[in-house]
Amino acid sequence: MSSSKTAPKPNTDDYKLKDTKPELGEKWPHGGQRGGTGWIYSERATSTYDLVEQMYYLYVRVVKAKELPPNPVTGNVDPYVEVKVGNYKGKTRHFEKKMNPEWKQVFAFSKEKIQSSVVEVFVRDKEMVARDDYIGKVEFDMHEVPTRVPPDSPLAPQWYRLENLRGETRTRGEVMLAVWMGTQADEAFPEAWHSDSASVKGEGVYNIRSKVYVNPKLWYLRVNVIEAQDVEPHDKSQPPQVFVKAQVGQQVLKTKLCPTKTPNPTWNEDLVFVAAEPFEEQLVLTVENKASPGKDEVVAKLTLALNKFETRMDHRPVHSRWYNVERFGFGVLEGDKGNELKFSSRIHLRVCLEGAYHVLDESTMYISDTRTTARQLWKQPIGILEVGILSAQGLQPMKTSNGKSSTDAYCVAKYGMKWVRTRTITESFNPKWNEQYTWEVHDPCTVITFGVFDNCHLGGGNSQQSATKTNDARIGKVRIRLSTLEMDRIYTNSYPLLVLRPNGLKKMGELQLAIRFTCLSLSHIIYLYGHPLLPKMHYLHPFTVNQLDSLRYQAMSIVAVRLGRAEPPLRKEVVEYMLDVDSHIWSLRRSKANFFRIVSLFSGLISMSKWLGEVQKWKNPVTSILVHVLFFILICYPELILPTIFLYMFLIGIWNFRKRSRHPPHMDTKISWAEAAHPDELDEEFDTFPTSKAQDVIRMRYDRLRSVAGRIQTVVGDIATQGERLQALLSWRDPRATFLFVIFCLVTAVALYVTPFKMVIFVAGIFWLRHPKFRSKLPSVPSNFFKRLPSGADSML
């Protein structure tokens, strides 16, 4: 017996969607000043937190202190406050030499992890060398802490006398505090210090908070370069042959070279850029002369602010304008500046900001917003999307710190112009966020995207500098198309977080969500199904495919830069992963997946043709007889053919209603062809661009690519051959074949004129359904004739 063990295959059930039954909605304990011990399980229909599980927190708001006693040695005090609940400690920032400090900080301690019955608030004096001095403290009994139920007003803070170590009230020193029990629905929750992330220090505290981000407002800037006048090259002995180069930020586009050498060139070309509000970049135009085959010289330059241009709301042309351009390379010396102003070239431009387009920063396959840039053209929303980001289960360790594996997970959701980021739960493989967010929906055929990431920017001080070199690691992604959701139903599912790596497919855990799509106007939704997905300008004046790819890449880059400047930043690697920045890169796995998707589309037709073949061969005589009966009925009553077809489709739709999907879509490993991908194919997919592999590996992959492309080339050639054979029927390329076909057409036309159409169909159907005894195994005459026709393949080199 062989001792070798085969690698265990992954359980495919782990890659499927799972139903969950979380306890959603707010369930409040019996309130009152003394807390109470009873529980009231009453759902609050008006709650904005009805799609998450309720989490209880002990909140301590530290406002300020007054009349703190000075240190007897130094004569002043550097105060800070330490809040201690069991093993958890939270500290405020300290002030130097201040007896009446104001902190205005809130601390939140998870009730699940509280193992103490006392809340202790210490006021201490910061010492640079020795141990921090103790000034005083205030204690609270956990059973005496009141419960605050939103939408009640915030609990008013009170002054408390500081006590010494023996519990005696000090003569000087008071601290203003508020202590209450609440949930994540409390408005103090987002900005509070959390015991869940007690290990985070320094600047890392800002990177763990939940935040809402807004996409920068993007515009298409259309620059129509019409003509120029009086272009003067450096070498005045040769007439110039020029082109115009335009730049907005990092985007650079050029017009074609003017075909004639003239000082008054004409182009009339459109250059389209992506710009974001507020407009920080400028439009920089340079007129360049082709002095020699390898040398371009700048002869004139023009700089224009973007906010000065006209905004276009439809397809009507905007006004053109002549601009004076500055000569480039002249007037460097003071004596030449006077001569420079006497002469100026001009350039004729038509520039506008396009307000009637939607600037695509994501693929149209996963588009989440279809509105125009101009807010004036927006229509009313047709629904509300509510999402509860509950938790993640079974996350894999993403990094090792101090010899211990850990994961600091947060979730990002993107829909429309709104991005949300949950708080980071540190050192947990089963984080619970329970945060709820809401979006307006303007089109049901849109997609919301969720991504889970490991936060690699939690260090403070010196470690922060090294942490900035690390990217937040991807844990997984989930996409949900809103049109697949039923109205007003709450979906509570656990989605597998799948990541494809060079070593294969890996499940990184599960993301638990609660989703509800509420319809405001069903008639409006039905109305939208008959209208284009994108604004009408995309169809009246469309961009080319190459333009769309380039503009989308530029839009993604701008969004990544702008969101990376927020506080805390939504980092570039997160934005690019959410927007599928690398979806255009070649992948053999993805090509296979798309090929098999096409094959599966034709599986129904293939099954139908096989069934008809069995009917034709009389494999099941009863079925063949029934088909004959149906054929005779349709021949006798041809007006029933179309109604029968539509009735059949109706019955199929009703029959499939029982088997409809009850779950939203999720990442399917079989459709993605991820489970069966070869390791070398994955290694190629994750290679850098341009490649960083050795020459022998590149040669092998190039040969494989040639092989795959050769097969595609053969299939495309076969399709072209069949089309050219159809053309050859009447093109007289083969005179005898065309003569035979023309005579056949004449005879057939005369026969069809004198023969009833029903009889023709009847004879053709009986001939096609004839018994196998009357069939020949050789190809039919029409098939033989068609295959003998010439095609363009004869003329190819």
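Going by the structure above, here's the rest.
Analysis parameters
- Residues numbered from 1 in each chain as written.
- Predicted model: local features only at pLDDT ≥ 70, side-chain atom pairs only at ≥ 80, totals over all residues.
- Heavy atoms only, no water.
- Axes fitted to C-alpha atoms, helices over the stretch in contact; angles between N-to-C directions.
- Helix = DSSP H or I, 4+ residues; strand = E, 2+ residues; numbered from the N terminus.
- Parallel < 35°, antiparallel > 145°, perpendicular 65-115°, else oblique.
- Left-handed = near helix turned anticlockwise from the far one by under 90°.
- Contact = heavy atoms within 4.5 Å.
- Buried < 20%, exposed > 50% of the residue type's maximum accessible area, 1.4 Å probe, protein only.
- Pairing = 2+ DSSP bridges.
- Salt bridge = Lys/Arg side-chain N within 4 Å of Asp/Glu carboxyl O.
- Expected span 1.5 Å × (residues − 1).
- Phe/Tyr/Trp six-rings, centres within 6.5 Å; stacked < 30°, edge-to-face > 60°.
- Polar contact = N/O pair within 3.5 Å; in protein donor to acceptor, adjacent residues only side chain to side chain.
- Nonpolar A, V, L, I, M, F, W, Y, C, P; charged D, E, K, R; others polar.
- Patch = residues over 30% accessible without salt bridge, like charges linked within 9 Å, V, L, I, M, F, W, Y side chains within 5 Å.
- Areas by Shrake-Rupley, 256 points an atom, 1.4 Å probe, with all protein chains shown as cover.
- Lys, Arg positive; Asp, Glu negative; His and termini not counted.
- Charge placed at Lys NZ, Arg CZ, Asp CG, Glu CD.
- Arc of directions from axis to C-beta.

Please give an account of the packing of helix α9 (residues 621–636) against helix α14 (residues 757–768) that cites residues and values.
At their nearest, the axes of α9 and α14 sit 10 Å apart, and the two run at 170° to each other. Regarding the angle of α9 to α14, the classification is roughly antiparallel. Taken as a pair, α9 and α14 cross one another with a handedness that is right-handed. Contacts between α9 and α14 pair H628, F631, F632, I635 and C636 from the former with K758, I761, F762, G765 and I766 from the latter.

Provide a residue-level description of the pairing of strand β32 (residues 504–519), including the pertinent values.
Counting buried positions along β32 yields 13 of 16 residues, so the element is predominantly enclosed. Sheet topology note: the strand β23 (residues 383–393)/β32 ladder contains 10 bridges and is antiparallel. By the bridge assignment for β32, I389 is matched with L513. Bridge count between strand β31 (residues 490–501) and β32: 12 bridges; the pairing is antiparallel. Looking at the pairing, T492 lines up with A514 of β32. Following β31, the chain reverses through two residues before pairing antiparallel with β32.

With reference to specific residues and values, describe the pattern of salt bridges.
In this structure the tally under the stated criterion is 28 salt bridges. For E362, the salt bridge identified is with K414, shortest N-O distance 3.3 Å. Placement of the pair is E362 in the loop between β22 (345–354) and β23 and K414 in strand β26 (residues 409–415), with a sequence separation of 52 residues. A relative accessible area of 3% means that K414 is categorised as buried. Linked by salt bridges that have partners in common, R222, D270, R312 and E354 make up one network.

Before we move on, could you go through helix α12 (residues 695–731) and cite the residues and values that matter?
In this model α12 runs 50 Å from its N-terminal to its C-terminal C-alpha over 37 residues, within 8% of the 54 Å that 1.5 Å per residue would give. Looking only at α12, the buried set comprises R701, V708, T721, R725, A728 and L729. In the core, the buried residues of α12 are packed alongside α7 (588–601), α11 (679–685), α13 (735–754) and α15 (781–787). Looking one or two residues beyond α12, the residue adopting positive phi is W732, at roughly 60°.

Describe the packing of aromatic side chains, listing the residues and the values that go with them.
Taken as a whole and judged by the stated rule, the model has 18 aromatic pairs. Residues Y357 and F543 carry aromatic rings whose centres are separated by 5.0 Å and whose planes lie at 35° to one another, so their mutual orientation is tilted. Note that Y357 is positioned in the loop between β22 and β23 and F543 in the loop between α4 (537–540) and α5 (545–564), a separation of 186 residues in sequence. Here Y357 and F543 have matching classes, each one buried.

Describe the environment of E227, with residues and values.
One can find E227 in strand β14 (residues 218–229). Spatially, the C-alpha atom of E227 lies 9.9 Å from that of C258, the residues being 31 residues apart in sequence. Aside from chain neighbours lying at most four places away, what touches E227 is P265, T266, W267, W322, I347 and H348.

So, the side chain of D454: which residues are in play, and what are the values?
In this fold, D454 is placed in strand β29 (residues 447–454). Look at D454 and you get buried, because its relative accessible area is 0%. Within polar-contact distance, the side chain of D454 engages the side chain of K399 at 2.9 Å. Contacts of D454, omitting those with residues within four sequence positions, involve M398, K399, T407, D408, A409, Y410, D472, A473 and I475.

Residue-level account of the sheet that holds strand β28 (residues 432–441), with values.
Strand order in the open sheet formed by five strands is β1-β31-β32-β23-β28, with antiparallel pairing between adjacent strands. A strand with exactly one partner marks an edge of an open sheet, and here the two such strands are β1 (18–19) and β28.

Would you mind going over the environment of F95 in detail, with residue names and values included?
With respect to the helices and strands, the residue F95 is situated in the loop between β6 (88–91) and β7 (102–110). Since its relative accessible area comes to 18%, F95 is described here as buried. Measuring from C-alpha to C-alpha, the distance between F95 and K126 comes to 8.6 Å, with 31 residues separating the pair along the chain. Beyond its immediate chain neighbours, meaning those up to four positions away, F95 contacts V77, D78, P79, P101, E102 and W103.

Mind laying out the sheet that holds strand β27 (residues 418–421), listing which residues take part and the relevant values?
Overall, antiparallel pairing links the five strands, which are arranged β13-β27-β26-β29-β30 in an open sheet. With partners counted over all chains shown, the strands left at the sheet margins are β13 (211–214) and β30 (473–481), one partner each. Taking each pair of neighbouring strands and ignoring which way they run, the sheet shows an average axis angle of 15°. In the sheet, β29 pairs with β30 via eight bridges, with the strands oriented antiparallel.

Summarise the packing of α12 against α13; cite the residues concerned and give the values.
Packing of α12 against α13 leaves a shortest axis separation of 7 Å and a crossing angle of 75°. Judged by the angle between their axes, α12 and α13 are roughly perpendicular. Contacts from A728, L729, L730 and S731 of α12 reach α13 at T738, F741 and V742. Class assignment of the residues belonging to the contact of α12 with α13 gives a composition of five nonpolar, two polar and no charged.

Now, about a positive patch on the surface: what can you tell me, with residues and values included?
Side chains of K89, K91, K126 and R131 sit close together on the surface and give a patch of like positive charge. Mapped onto the secondary structure, K89 falls in strand β6.

Tell me about α7, and please be specific about residues and values.
Between its terminal C-alpha atoms α7 stretches 20 Å, which fits the 20 Å expected from 14 residues at 1.5 Å a residue. If you check which residues of α7 are buried, you get L588, R589 and A593. Down the axis, α7 shows its buried residues gathered within 140° of arc, on one side only. Exposed and facing more than 90 degrees away from the buried side of α7 are F595 and L601. In this fold, the buried residues of α7 make contact with β31, α11 and α12.

Tell me about the pairing of β23, and name the residues and values.
For β23, the buried fraction is high: nine of the 11 residues fall into the buried class. Pairing of β23 with β28 involves eight bridges; the strand directions are antiparallel. Residue pairing in the sheet places G383 in a bridge with V441 of β28.

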